[in-house]
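What follows is each chain in one-letter form.
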Amino acid sequence: MNQGKICVSICGKTVAEVLGRIEQARDLADVIEVRFDYLLPEEIDPLLEILATRPEQLIITFRPEHQGGARSLSRDERIAFWNKVAVRLSAETLVDLECDMDFTVNIESDRIIGSAHRFDDRPTDPSQYFEHYFDELLQFSSGARKLAVAVNDASDAVDVWKLLIESGQPAIAIGMGEAGKWTRILALAYGAFLTYASLDSTDVVAPGQISAAELRDVFRVKEIDARTHVYAVLAGNTSYSLSPYMQNAAFRQADVDAVFVPMQVGNLDAFIRRMVNGATREIELHFKGFSVTNPHKQSIIRHLDHIDETARKIGAVNTVKIDHGKRIGYNTDAVGFITPLSNIFDDLRGSRATVVGAGGAARACVYALKKAGADVTILARDSAKGSAMAEEFDVRFERLTTGHQHLSTDILVNATPLGTTGEHEQKSIASANELAGLQLVYDLVYNPAETKLIKEARAAGVKTLGGLDMLIAQGARQFEIWTGGVAPVDEMRAAVEQRLKQSYAA
Ligand code: NAP
C-alpha cells in the first residue's frame, strides 16, 4: 500500500464534454487533470467558473504544443489564461506550469507542479540534459516537480527515474512511450506524488499512458510499495504482450506481493548494466525475474550466472529467476508446448511431427517432440538455418516452399508468425487440401484464437490446437519457477481471454 494518487487526464472540446468525462473519472481517479489546451477558446471562461465550485481535487493544465499540448499557445494567451485561473482557484486545485515560462503567475508556489516535457531533443550526453532540467525544476516551484521525457528503450528512463529518487521533494517522473510504461506503473510504489492515467484506452493524451482501470486493477499500483518484488517481460516490442495480464492476475490470486511490468528493451546490455546487475545498476527496482521474448531469448544467455539443462539444450531462455542476485535461465516454452499436446496424445512415440519454422519457439518444440519420442521434421524457408538446426537436434530437414507443400506427417506445428493479427493474418502455411488426412494441426499463434491455418484444418476435418493453451502452460511454469507455488491457471486463462476480447473490441 502506498500514499500515491492516480490522476486521470481529461480532455474535451466543450464544457459538456469535459464535465461528462469528469463524471466518468470520479470513481477511478484521486485527482483529475483538466487539459484546457484541448478546449475551444470560447469554452475556457465558462469551464473555469464551473470548476471553481467542484469538490474533486483538480489539476489545471494549459500546455503549449511544444510541451506536448494540443495546440500552439502564444505567450499572451498563456499569461491571460493563468491570470484568470489565479482568481478562480478552488481550495484543492493545483496548477501545472511548464518550466519554460518566462512570466510570473500570482499563484502560491506550493500549488504549482513545475513541469518539463521533452519529446525529441535529447542530447548525446543525457546527464547534462537532466542536470539542466533538474536545476530549472528545482528553482521553479515548492510544490511537485514533474519531468516527462519520451524514451525508446526501457533503460533510457533511468535518467528520468532519478528525479523521483534524488529530488527530495514531491516528484513525478515519467518516461513517455511504450518503453517508459514501467515508470507509470512503479511510480507510486517509489513515492511519486501521482501517476497519470487515461480515462480509458481510447482516450490516451500522452504516449504510453495506461488507463486508470488497468493501473488500479491489473497492476494494482496503489497496493505495491518499494519492497514489492518486480517481474518483467523483456521484449523488443511489449505492446502486444499478454504476460502482464496473465502474471499479474496470478500474483493477485495467489496473494503474492509482486508486480509484473512491460520492459521494452532494445539494448539488452544497457538494460542489464543500468537496471539489473548489482555491481553496476544505477537504480534498484527489486527485480526477481523476467519473461524473455523476441529478440532476446538467445542474447540473454550471456547475462546469466547459470542456465538450466533444458534451456541449454534448446539454446534459448524465456524465463529468468533472480535469486540472491544470481540470474538463472530456464526455458518453459518446451513444457508449455508439450503439456496441451500430451492431453491429446497419450504417447507420441513413433508419431510423425513436422515443425514449421526455425526460430526460438521451433527449437523448443523440436526439443520437446524429440524428447517425447516423435519422429520430427523441420520445415523452414532458410535452408542453412533449418538444416543446421536439424543437425543439432538430430532430426530431418525439408525446405518450406511457397508452392504446394506435400505434408507426409501426423502432426503439423506452426512455429512461424504466419496467421498473426496484422500483416500476416490472412496467411497460412498450408491449405485445407494439403492438410487433409493429418491427425492434428497445432498453431502456436494465439492472436487471433482462430488463425487462417486453424480454419483450413477445420475445413479439412483435422483436429486443431491453438497457441493459447501453450501460452498459459508456459506462463504457469514461469510462475512456479519464480514463486515456488502452484500457478492459478484458471485465473491466468481468464485474464488472457479477457484481454484478447478487449483488444478485438478496440
Ligand atoms: P522467431 O525466433 O522470430 O522465429 C520465427 C520463424 O518463423 C523463423 O524461422 C522465420 O524464418 C519464420 N518465418 C517468419 N516469417 C515467415 C514467413 N513469412 N514464411 C515462412 N517462415 C517465416 O520467432 P519465435 O519466437 O520462434 O516465434 C514464432 C511464433 O510462435 C510467433 O508467432 C510467436 O508469437 C509464437 N509463439 C507462441 C508461443 C505460445 O506460447 N503460444 C510461444 C512462443 C512463440 P527466418 O528465420 O527465415 O526469418
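Before reading on, note that the structure itself is shown above.
Summarised in this report is the structure supplied together with it. These numbers were taken from a predicted model, which means no experiment stands behind them.

What counts and what doesn't
- Residues numbered from 1 in each chain as written.
- Predicted model: local features only at pLDDT ≥ 70, side-chain atom pairs only at ≥ 80, totals over all residues.
- Heavy atoms only, no water.
- 1 Å grid on protein atoms, 1.4 Å probe; cavity = no way out; pocket = protein on both sides within 12 Å on 5 of 7 lines; lining within 4 Å.
- Points joined across faces, edges and corners; volume = space filled by probe spheres on them.
- Helix = DSSP H or I, 4+ residues; strand = E, 2+ residues; numbered from the N terminus.
- Nonpolar A, V, L, I, M, F, W, Y, C, P; charged D, E, K, R; others polar.
- Axes fitted to C-alpha atoms, helices over the stretch in contact; angles between N-to-C directions.
- Parallel < 35°, antiparallel > 145°, perpendicular 65-115°, else oblique.
- Left-handed = near helix turned anticlockwise from the far one by under 90°.
- Contact = heavy atoms within 4.5 Å.
- Near = heavy atom within 4 Å.
- Polar contact = N/O pair within 3.5 Å; in protein donor to acceptor, adjacent residues only side chain to side chain.
- Areas by Shrake-Rupley, 256 points an atom, 1.4 Å probe, with all protein chains shown as cover.
- Salt bridge = Lys/Arg side-chain N within 4 Å of Asp/Glu carboxyl O.
- Buried < 20%, exposed > 50% of the residue type's maximum accessible area, 1.4 Å probe, protein only.
- Pairing = 2+ DSSP bridges.

## Observations regarding the layout of surface pockets
So, step 1. The calculated volume of the second largest pocket comes to roughly 820 Å³.
So, step 2. Forming the walls of the second largest pocket are 34 residues, and the residues nearest its centre are Ser 211, Glu 214, Tyr 245, Arg 499 and Gln 502.
So, step 3. Counting only elements with at least two residues in the lining of the second largest pocket, the list comes to α7 (212-217), α8 (243-253) and α17 (489-505).
So, step 4. Examining the composition of the lining of the second largest pocket, we find that 7 residues originate from one element, α17, more than from any other.
So, step 5. Among the residues forming the lining of the second largest pocket, the class breakdown is 13 nonpolar, 13 polar and 8 charged.

## Describing the packing of helix α2 (residues 44-51) against helix α3 (residues 75-86)
So, step 1. Running from N to C, α2 and α3 point in directions that differ by 25°, and their axes come no closer than 10 Å. For the element pair α2 / α3, the angle class is roughly parallel. Considering how the two elements wind past one another, α2 and α3 form a crossing that is right-handed. Along the contact surface, α2 presents Ile 44, Asp 45 and Leu 48, while α3 presents Phe 81, Lys 84 and Val 85.
So, step 2. Looking at the contact of α2 with α3 residue by residue, the classes come out as 4 nonpolar, no polar and 2 charged.

## Overview of the site of the ligand
So, step 1. Lining the immediate environment of the ligand, one finds 22 residues, of which Ala 358, Ala 361, Arg 381, Lys 385 and Leu 444 sit closest.
So, step 2. One nitrogen or oxygen atom from the main chain of Gly 360 is found 3.1 Å from an oxygen atom belonging to the ligand.
So, step 3. One nitrogen or oxygen atom from the side chain of Lys 385 is found 2.4 Å from an oxygen atom belonging to the ligand.
So, step 4. Computed on the free molecule, the ligand has an accessible area of 920 Å², of which 77% lies beneath the protein chains in the complex.
So, step 5. Secondary-structure elements contributing two or more residues to the shell around the ligand are α12 (360-371) and α16 (468-483).
So, step 6. Of the residues in the shell around the ligand, the class split is 11 nonpolar, 7 polar and 4 charged.

## What about empty space enclosed by the protein?
A probe as big as a water molecule, rolled over the atoms, marks out the empty space that is left.
So, step 1. Summed over all chains, the structure comprises 1 cavity of 30 Å³ or more.
So, step 2. Computed from the structure, the largest cavity encloses a volume of approximately 30 Å³.
So, step 3. Taken together, Leu 48, Leu 51, Ala 52, Ile 60, Arg 88, Leu 89, Ser 90 and Thr 93 make up the lining of the largest cavity.

## Things to note about the pattern of salt bridges
So, step 1. The full count for this structure, using the stated rule, is 39 salt bridges.
So, step 2. When the shortest N-O distance is used, the salt bridge between Glu 56 and Arg 26 registers 3.6 Å. One end of the pair, Glu 56, is in the loop between α2 and β3 (58-61); the other, Arg 26, is in the loop between α1 (15-25) and β2 (31-35), with 30 residues separating them in the sequence.
So, step 3. We classify Arg 26 as partly exposed; its relative accessible area is 42%.
So, step 4. Here Lys 452 makes a salt bridge to Glu 456, at a shortest N to O gap of 3.1 Å. On the criterion of helical spacing, the pair formed by Lys 452 and Glu 456 is a turn pair, its members being 4 residues apart in helix α15 (residues 452-459).
So, step 5. The partly exposed category is assigned to Lys 452, whose relative accessible area is 28%.
So, step 6. Salt bridges here are not isolated pairs; linked through shared partners, they connect Glu 33, Arg 63, Arg 78, Asp 96, Glu 98, Asp 100 and Lys 146.

## Points about the sheet that holds β3
So, step 1. The parallel open sheet is built from 8 strands, whose spatial order is β7-β6-β5-β4-β3-β2-β1-β8. This sheet does not close on itself; its edge strands, each paired only once, are β7 (171-176) and β8 (194-198). Each strand axis lies, on average, 25° off the axis of its neighbour in the sheet, ignoring direction.
So, step 2. With 6 bridges joining them, strand β6 (residues 145-150) and β7 adopt parallel strand pairing. Across the sheet, Lys 146 pairs through a bridge with Ile 172, a residue of β7.

## Some points on the sheet that holds strand β16 (residues 375-380)
Think of a sheet as strands paired side by side through backbone hydrogen bonds, with each pair either parallel or antiparallel.
So, step 1. Taken together, 6 strands build an open sheet; the order of strands is β17-β16-β15-β18-β19-β20 and the sheet is parallel. Both edges of this open sheet fall to β17 (396-399) and β20 (463-465), since each of them pairs with a single strand only. Within the sheet, the average angular offset between the axes of one strand and its neighbour, ignoring direction, is 20°.
So, step 2. Here strand β18 (residues 411-414) pairs with strand β19 (residues 440-443) via 4 bridges, running parallel. Pairing of Ile 411 across the sheet is with Leu 440, part of β19.
So, step 3. Running at roughly 170° to strand β15 (residues 352-356), α12 makes contact with β15, β16 and β18 of the sheet.
So, step 4. Across the sheet, α15 is in contact with β18, β19 and β20; its angle to β19 comes to roughly 170°.

## A look at the pairing of strand β13 (residues 319-323)
So, step 1. Of all 5 residues making up β13, 4 are buried, and the element is well covered by its neighbours.
So, step 2. Alignment of strand β11 (residues 287-292) against β13, held across 3 bridges, turns out to be antiparallel. When the sheet's bridge partners are listed, Gly 289 is paired in β13 with Lys 321.
So, step 3. Connecting β13 to the antiparallel partner strand β14 (residues 326-330) that follows it, the hairpin turn spans 2 residues, and His 324 within it adopts a positive phi of roughly 50°.

## What to know about the side chain of Glu 178
So, step 1. Take Glu 178: it is sitting in the loop between β7 and α6 (181-186).
So, step 2. A polar contact of 2.7 Å, which involves the side chain of Glu 178, links it to the side chain of Thr 238.
So, step 3. Those residues in contact with Glu 178 that sit more than four places away from it in its chain are Gly 208, Thr 238, Ser 239, Pro 262 and Gln 264.

## Digging into the environment of Arg 396
So, step 1. By secondary structure assignment, the location of Arg 396 is in strand β17.
So, step 2. Sequence separation between Arg 396 and Ile 22 is 374 residues, and the spatial gap between their C-alpha atoms is 63 Å.
So, step 3. Not counting residues up to four positions away in its chain, the partners in contact with Arg 396 are Asp 375, Val 376, Thr 377, Ile 378 and Ala 390.
So, step 4. Reaching out from Arg 396, the side chain makes a polar contact with the side chain of Asp 375 at a distance of 3.0 Å.

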